[in-house]
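Reading the structure
Residues per chain, in single letters:
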Amino acid sequence: MRIGIFVFIVLFFTANSFSQSIIKGKVTTHKNEPLEGASVYLNNTTIGTTTNEKGEFQLKTHKGNYELIVSFIGFKTVQLNINTNTKTKPLLCKLKPDTNILNEVVIQKTKYDDDWKYNLSRFKKAFLGKTELASQCLILNPKVLHFNFDKKTNKLSAYASKPLQIKHKGLGYLIYYDLVEFSLINNRILFSGYTKYQNLNITIKNKWKANRLKAYNGSRMHFYRSIIKDELDIAGFKINQLQKVLNPERPHDSIINEAKLKLASKPNFNSFKKLPTFHSNKLNLFNKKIRSSLVRRMLTKETHFTKKFKIKFSKEEINKIINGPFHVRKDSKGLYYATPKTKLYDKETDSLSFIARKEHLKRHINKPVKKNLILDDFIIKKGTSFYLSFPYLLEINYLNEPEEDNYRFGKAKLDYQQSFISLINTKETPISRKGVLIEPFTVLHEGYWGYEAFANMLPLDYRPLNK
């Protein structure tokens, strides 16, 4: 099963109405010199432009609260919180030179060798994801990426000297992503940045429309918007509450480690006692009486074999070997060989192996608490604002679409999409009316939503077409 844990930051502010508004402004250097070609956009939307020769820009948008991003190569990116519900004067954005665009040590160490290619592959799988849509994404300028891997913490960090340019052939977007932070530790992914979307063509292809709708259905954005509209059932979401508890089938780590140490002290030893081949150049081992006498004598006293493998045989076991079948042969030099076919079950070793094999079991399992939650079970309303608030864990099942084949394999594959969310270091967290979390670090997404990464994200101004 390809299940990951995913935390994604969208830096934005919420629009409160759908009335049109115009944002005007000018971008200059700290010396008041106009900057032509500066990128100006509303974060994580398709609304953006570039400044003219006078450094001026103009954006049309709906009224509300936004985060305006202004960026230009060689200068520090500026974020401005703006409220277009009230009339404001034209904005003046003064950009300061960025004397430390990227960690210079990392840049100087960067070599586009096999290690860099390997780290790039890991970055793309973590950042873009492993979904069907991820396979249709192409990073046009991968060499702006620089990586640092810490062997002690197993942490992969990524830095970008310029915004990433991503051609999304599945959704029909050219995406500019200004990477602020990226880290990958084992299966835990954390990245943040500023996103600008552009349609690849003026005319939106039907394939893109269909893919955008498929990406939206069952997504986090779809879920949070359905909460705001109180349409969870209509949208196809079923929510259960779970509690993460210790798995009673899995012994404690100390018990597993003790069993593994004891097994390691038994060289060449498995669930059956290792039996030697007995040989003699004088005794006829085809004769059962002679063979039995030799076997009893060899297994009763200390021999090279019993010392080496630290094996002791009980009287009952010796009698079982003697009375059991043997493979006896005589070679061309007259030597007799007798190999017992009896298998002696070693209870201690098998018991230790049984414990050690449980190491692969999950430490925790999800215990059902309550099924078929209603909105009031996990949402607090404060005026017109909505807050997620719940203990333990929410299991969110989207019933209208099956899992992708890439997600998990075998009989465990579900005909619906199952995700999990839990709150991190907070009792409640606000939801934007645009369908995203205002404080995304406060929620951990797992399961199917952990599988869907950047390639399945849509701009905040996306609206599904009515069927």
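In what follows, the accompanying structure is described. Computed from a predicted model, the values in this text were never measured in an experiment.

Under the counting rule described, the total for this entry stands at ten salt bridges. A salt bridge links Asp-253 to Arg-363, with the shortest nitrogen-to-oxygen separation between them at 3.0 Å. Remark: Arg-363 occurs in the loop between helix 10 (347-356) and strand 19 (364-370) and Asp-253 occurs in helix 6 (residues 253-264); sequence separation between them is 110 residues. You can call Arg-363 partly exposed: its relative accessible area is 48%. Because the salt bridges share partners, they merge into one network encompassing Arg-250, Asp-253 and Arg-363.

A word on helix 9 (residues 315-322). Three or more residues of helix 9 are buried, namely Glu-317, Ile-318, Ile-321 and Ile-322. Down the axis, helix 9 shows its buried residues gathered within 135° of arc, on one side only. With respect to the buried face of helix 9, the exposed residues turned more than 90 degrees away are Lys-315 and Glu-316. Looking at the buried positions of helix 9, the neighbouring elements they touch are helix 7 (288-300), strand 17 (326-330) and strand 18 (336-340).

A word on the pairing of strand 20 (residues 379-382). With four bridges connecting them, strand 20 and strand 21 (residues 385-388) associate as antiparallel partners. Within strand 21, the residue paired with Ile-380 across the bridge is Tyr-387. Counting the residues in the hairpin turn of strand 20 and strand 21 gives two residues, including Gly-383, whose phi is positive at 65°.

Attention now goes to the packing of aromatic side chains. Using the criterion set out here, one finds 22 aromatic pairs in the structure. When the ring of Phe-237 is compared with that of Tyr-398, the centres are 5.0 Å apart and the planes differ by 45°; the resulting orientation is tilted. Remark: Tyr-398 occurs in strand 22 (residues 393-398) and Phe-237 occurs in strand 15 (residues 237-246); sequence separation between them is 161 residues. Overall, Tyr-398 belongs to the buried group, its relative accessible area being 4%.

Conventions we followed
Residues numbered from 1 in each chain as written. Predicted model: local features only at pLDDT ≥ 70, side-chain atom pairs only at ≥ 80, totals over all residues. Heavy atoms only, no water. Salt bridge = Lys/Arg side-chain N within 4 Å of Asp/Glu carboxyl O. Helix = DSSP H or I, 4+ residues; strand = E, 2+ residues; numbered from the N terminus. Buried < 20%, exposed > 50% of the residue type's maximum accessible area, 1.4 Å probe, protein only. Arc of directions from axis to C-beta. Contact = heavy atoms within 4.5 Å. Pairing = 2+ DSSP bridges. Phe/Tyr/Trp six-rings, centres within 6.5 Å; stacked < 30°, edge-to-face > 60°.

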